[in-house]
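The primary structure of each chain is shown beneath.
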Amino acid sequence: MDFTRQDRPTGGASLAFRNATIGYDRHPALHHLSASFPPGSMTAVVGPNGAGKSTLLKAAIGHIRPIGGEVAIGGCRRTEVAYLPQLSEIDRTFPLPVFDFVAMGLWQRRGAFGGFRRDDDEDVARALAGVGLIGFEQRPLDTLSGGQLQRVLFARLSLQDAPLILLDEPFTAVDDRTIGELVDLIARWNAEGRTVVAVLHDLELVRRRFERTLLIARRLIAEGATADVLTAENLAAARHHIEAWDEAAPFCEAEPAP
Amino acid sequence: MTIADLLAAFSDFAFMRRALAGCLVLSVAAAPVGVFLMLRRLSLTGDAMAHAILPGVAAGYLLAGLNLWAMTAGGLAAGLAIALMASAVTRLTPLREDASLATLYLVSLALGVILISARGSAVDVMHLLFGSVLAIDDTALIFIGIVASITVLAFAVMWRPLVLECVDPGFLKAVGGRGAIIHVAFMLVMVLNLIAGFQALGTLLSVGLMMLPAASARFWTRSLGAMTALAMAFAALSSVAGLAASFAANLPSGPAIIVAAGILYALSIAFGPTGGLIARLRPARHRTG
């Protein structure tokens, strides 16, 4: 049987934090957080530096185990989740052309040994076209600019065909026009039914393009429709959070939040 | 001595033929290992592992004399133990892999020399450290063949995850690939190749047939496949030239092969089109777009 991407129904997966405390060295980066990302939603995660935004995504894909509470993914396996880290560990000096790199997005379909068929090649070409990188197929990674590399990563993400997509500050070092194109791409993923969670700093962009927002500052400040969350009051509350760890902080005795 | 005389040396003497066959097969197996070691910035890891296997080889030698299988088993055990200990120290403590490997291999090398000097003579030490073409008998040839077959198979199976583990380990982890297993498998293949090489090249120099051709190939192409093929060709060429020189001038074979590989490396640095010195100095014409 031959299956292509088009045949597969994409239902969004859900992500839920239930009273989750996630941290490093027993200091919580996220404290008793309860938040949910329903299937097919498109949510921006907003907050000051050190608010625990990246930690939230790392916990979602299982790179960090919660100290307490639960992080649950519903509707797909954890390895099917697509994740774009803030600082990727990509070795750009490795002699690999853009095409081969993007093709790695088909890992779930082809695995370590599966041969590439013509429709795989076409899918890779389509993904590259989708981010405006036609003609870059044979370019080595180390000749790409920062924004081009980001678009390559988006092309690989779109090949992963993931029901849940996690993006950690995907627009750093990307120019405005490219940001517009990439947000359009994200919106298309969402329109296909995929759940999208993106950590962002640009509140204007969030207001314009994201229906839902989660505002955190080591704890939940507000969650819901973007207009209701990004109020002056909530943003002021988020700014008041203290970034540094208190080495002498007492151990948390708080009753689990409902 | 003419070229014809050198060719005659290969056809007249069985030990030269065996050495040539052994080194050529070894070239095919060791070169891809070297390419990935270089691209993963683990070039010195190969060197460290070459030292690390010495006490195992020595222990095998002490127990059973110059018995290939005993020395191989010992070397394999020592190499694996050091590789696993180094990754364990890396994962469990703040020490980086290079530091933990360096500490372990130095201790290992010291133990190896003590073991050899406890029972053997200086000649034995020299033999283990630098190898000898005369040591390549039929058993050694069979062993090299087995290792080369395992290596080629292993690379066929793990090529894609290994490339991904090199380029973007975080992605491999996220899609559920077992990066740690790939790493261990790769280290195992490397140790096997080091042991296969030590009969001819010695424990210290068998890593040279991996690293030098790989580093040379980097100067001629940017494609991974071509780089691997070229590294094999360079290794094979160094083997032929080194063995011929060793026969003609009565040089130890291992060092002769490595020096030949070193000459190829120097030529590559000078003349290689991708990053070579001359290509870099030549005023480059640029295109319009």
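For the structure itself, look to the data block above.
Residues numbered from 1 in each chain as written. Chains lettered and ligands numbered in written order. Predicted model: local features only at pLDDT ≥ 70, side-chain atom pairs only at ≥ 80, totals over all residues. Heavy atoms only, no water.

A. The packing of aromatic side chains, seen in detail. Overall, the coordinates contain 12 aromatic pairs over all chains when judged by the stated rule. For the pair B:Phe13 and B:Phe247, a centre-to-centre distance of 5.5 Å together with 45° between the ring planes defines the contact as tilted. Here the residue B:Phe13 occupies a position in the loop between helix H1 (3–12) and helix H2 (14–39), and B:Phe247 occupies one in helix H12 (residues 224–249), the gap between them amounting to 234 residues. The partly exposed category is assigned to B:Phe13, whose relative accessible area is 36%. By the ring-pair criterion, three or more aromatic residues cluster together here, those being B:Phe36, B:Phe155, B:Trp159 and B:Phe186. The ring centre of B:Phe171 lies 3.7 Å from the NZ or CZ of A:Arg156, which sits over that ring. (Phe/Tyr/Trp six-rings, centres within 6.5 Å; stacked < 30°, edge-to-face > 60°. Helix = DSSP H or I, 4+ residues; strand = E, 2+ residues; numbered from the N terminus. Buried < 20%, exposed > 50% of the residue type's maximum accessible area, 1.4 Å probe, protein only. Lys NZ or Arg CZ within 6 Å of the ring centre and 35° of its normal.)

B. Spotlight on empty space enclosed by the protein. Residues and elements named next belong to chain B. The full count for this structure, using the stated rule, is one cavity of 30 Å³ or more. In this structure, the largest cavity encloses a volume near 30 Å³. Lining the largest cavity, in full, are Leu-80, Ala-83, Leu-84, Ser-87, His-183, Val-184 and Met-187. Elements that contribute at least two residues to the lining of the largest cavity include exactly helix H5 (68–92) and helix H10 (179–201). With four residues, H5 is the largest single contributor of residues to the lining of the largest cavity. Considered class by class, the residues forming the lining of the largest cavity number five nonpolar, two polar and no charged. (1 Å grid on protein atoms, 1.4 Å probe; cavity = no way out; pocket = protein on both sides within 12 Å on 5 of 7 lines; lining within 4 Å. Points joined across faces, edges and corners; volume = space filled by probe spheres on them. Nonpolar A, V, L, I, M, F, W, Y, C, P; charged D, E, K, R; others polar.)

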